[in-house]
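The residues making up each chain are set out below.
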Amino acid sequence: MGKFKKIVFPGATLLFSFWFSAVFALGIIIGYITTHFGHKKITKDGKFNSVFINFGKWKFHFHHWLMAALAITSCWATGVLETLPKIIVGIAGGMVFHGLYLYDNWHKIIMKKE
């Protein structure tokens with residue numbers, strides 16, 4: 001799955017993005033690069049302070065890709081998505097792509113407290 005993910009996922013994302021809009025694709029690239037280099041600026045001692053919400057014995061890991069995906073979904077659900085510039089939606093999409101593509105723990109959202 002690793003090699004498939006590294007080749008097919010970025011290729012399909014950019015292909016679909018350019019089909020949808022070159023401005024959207026530019027937003028994805030900007031979002032990805034900004035998130036990648038911004039992440040390095042806000043880490044402390046090489047470690048990123050993750051956002052967790054505690055629920056009793058469980059904790060909810062609020063990944064950056066999840067925050068961007070929720071923002072896009074919220075805009076879609078409220079009907080605001082169509083009014084947003086495509087580059088802004090692309091930037092959020094680049095953040096989602098960054099989190100899903102680079103991190104192996106992207107799927108670990110709900111975890112039991114240790």
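Residues numbered from 1 in each chain as written. Predicted model: local features only at pLDDT ≥ 70, side-chain atom pairs only at ≥ 80, totals over all residues. Heavy atoms only, no water.

K.L.:
Looking at this structure, how should I read the pairing of strand β1 (residues 52-55)?
P.N.:
On any regular strand, side chains alternate: one points to one face of the sheet, the next to the other face. The pairing of β1 with strand β2 (residues 58-61) spans four bridges and is antiparallel. Note that in β2 the partner of phenylalanine 55 across the bridge is tryptophan 58. (Pairing = 2+ DSSP bridges. Helix = DSSP H or I, 4+ residues; strand = E, 2+ residues; numbered from the N terminus.)

K.L.:
Can you help me understand the pairing of β2 in this one?
P.N.:
If you look at the hairpin formed by β1 and β2, you'll find two residues sitting between the two strands, and glycine 56 has a positive phi there, around 60°. Pairing of β2 with strand β3 (residues 110-112) involves three bridges; the strand directions are antiparallel. Bridge assignment links lysine 59 to a residue of β3, and that residue is methionine 111.

K.L.:
Help me understand the nonpolar core, please; the structure alone is not making it clear to me.
P.N.:
Counting residues in hydrophobic clusters, the biggest one holds six residues: Trp65, Leu66, Ala68, Ala92, Val96 and Leu100. Looking at this core, the elements with two or more residues in it are α3 (64-77) and α4 (86-102). Beyond its immediate sequence surroundings of up to four residues, alanine 92 is in contact with Ala68 and Ile72. (Core = buried A, V, L, I, M, F, W, Y, C linked by side-chain atoms within 4.5 Å. Buried < 20%, exposed > 50% of the residue type's maximum accessible area, 1.4 Å probe, protein only. Contact = heavy atoms within 4.5 Å.)

K.L.:
What is the right way to look at α4 in this model?
P.N.:
Since the α-helix packs 3.6 residues into each turn, any two residues three or four apart lie on the same face. For α4, with 17 residues, the first-to-last C-alpha span of 24 Å sits near the 24 Å given by 1.5 Å per residue. Among all positions in α4, only Val89, Gly90, Ala92, Gly93, Gly94, Val96, Phe97, His98, Gly99, Leu100 and Tyr101 are buried. (Expected span 1.5 Å × (residues − 1).)

K.L.:
I'm lost on α3 in this one. Help?
P.N.:
Look at α3: 20 Å from first C-alpha to last across 14 residues, which is about the 20 Å you get at 1.5 Å a residue. The elements touched by buried residues of α3 are β2 and α4. Once α3 finishes, glycine 79 follows within two positions and takes phi at roughly 85°, a positive value.

K.L.:
Would you mind going over the confidence of the model for the protein chain with me for this structure?
P.N.:
It should be kept in mind that the predicted coordinates are not to be read in detail where pLDDT is low. When pLDDT is averaged across the protein chain, the result is 82; 85% of the residues are at 70 or more. Mean pLDDT in the protein chain bottoms out at helix α1 (residues 2-20), which sits at 70, and peaks at α3, which reaches 91. (pLDDT = per-residue confidence, 0-100.)

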